[in-house]
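Commentary on secondary and tertiary structure
Residues per chain are reported as follows:
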Amino acid sequence: MERIAIIGCGTMGHSIALSVAWAGYDVTMHGIAAEVLECAQASIASKLKVLTDNELLAFEEVELVKERVTTVTTIEEAVKDATFIIEAVPERLELKQQIFKQLDQLCDPSVILASNTSAISPTDIADLTIHPERTVITHFWHPAHLIPLVEVVRGTRTNDETVERSIALLNELNKKPIEVKKEAPGFVGNRLQFALLREAQHILQEGIATKEDIDAAVLYSIGRRLPVTGPFLSADMGGLDVYTDISNYLYKDLSNAKQSATSMQELLDAGELGSKTGKGYYEWNSTFTEEINTAREKELIRYMKQDRGL
């Protein structure tokens, strides 16, 4: 059984730690200061309440899950007995490189060093290490305790054992790991997500439909099908002859923009960043923010219950 340490306890770190503890593993969670760890523990407690309220976790199990999470303020303490380490610090290459260099020096070569990065090259992250073969990306999706997908991404020097152990552990954590066989910007999930966003921006920019109707087109069509059939299954079900004809007709008219649309850049220039500032494409007052966050959480919980046969 792997002994797991999480480096970083922010938005992703504490949620990954919760996933690990919920699956029955002890986990050591590192934070840079006691007050940061206290905030992370409070967030874990809040998420556990939601899980119990929705009957995904029995009330009597809550304290057991909490007890599986040990908190420390130094990396040395965090990795002392670990066999599998997941880094979840801010998305800055130089920071990750320094942490991986430190981990590489502290840990036996058999210890897996994984990064939760959503974009940075695993080869670049491992650049300062002596044992790059044990570096891999395990990209959890937000919120990590509710989204099943984890992308396991090889660097150019990552060995098979590292990938196999990563996938085996993630299966034990009740996740749905996929192997990204070679690194590419955005891996798999974000490439697909941003291809959709690029076309949505293009449709809005061209005045073809409003933002509300573009969102509705996804919510009430492909959004309803995609939980059951991904793009290739959908193509098979629709008929590859039909999909080929549509592709040949449509692809030449789709957006091939090399940067984000003017509409998004204008919002950015105005300091309107979305929910974090109260305005983006939509107006985010407290009521709307709570409504959308609650609706998304409930839907993710519904799918989790379905996945677990509850």
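Residues numbered from 1 in each chain as written. Predicted model: local features only at pLDDT ≥ 70, side-chain atom pairs only at ≥ 80, totals over all residues. Heavy atoms only, no water.

The name given to the chain in an unreviewed UniProt entry is L-gulonate 3-dehydrogenase, with Sporosarcina ureae as the source organism.

Here's the deal with the environment of Phe187
Its location among the elements puts Phe187 in the loop between β8 (176-180) and α8 (189-205). With a relative accessible area of 4%, Phe187 lands in the buried category. In this structure the C-alpha to C-alpha distance between Phe187 and Ile120, which are 67 residues apart in sequence, comes to 9.4 Å. Discounting chain neighbours no more than four positions away, the residues touching Phe187 are Thr117, Ser118, Ala119, Ile120, Ile137, His139, Glu151, Val153 and Val180. (Helix = DSSP H or I, 4+ residues; strand = E, 2+ residues; numbered from the N terminus. Buried < 20%, exposed > 50% of the residue type's maximum accessible area, 1.4 Å probe, protein only. Contact = heavy atoms within 4.5 Å.)

Some points on the environment of Asn248
Following the sequence through the fold, Asn248 ends up in helix α11 (residues 240-250). Residues Asn248 and Lys211, spaced 37 residues apart in sequence, show a C-alpha to C-alpha distance of 27 Å.

A word on the nonpolar core
Nonpolar side chains in soluble globular proteins tend to be buried together. Counting 44 residues, the largest nonpolar core has Ile4, Ile16, Val27, Met29, Leu48 and Phe140 as the members making the most contacts within it. The contacts of Val27, once residues within four sequence positions are left out, are Ile4, Ile6, Ala17, Val20, Ala21, Arg68, Val69 and Thr70. With 17 residues, the next largest nonpolar core counts Val72, Ala78, Leu113 and Ile120 among its residues. (Core = buried A, V, L, I, M, F, W, Y, C linked by side-chain atoms within 4.5 Å.)

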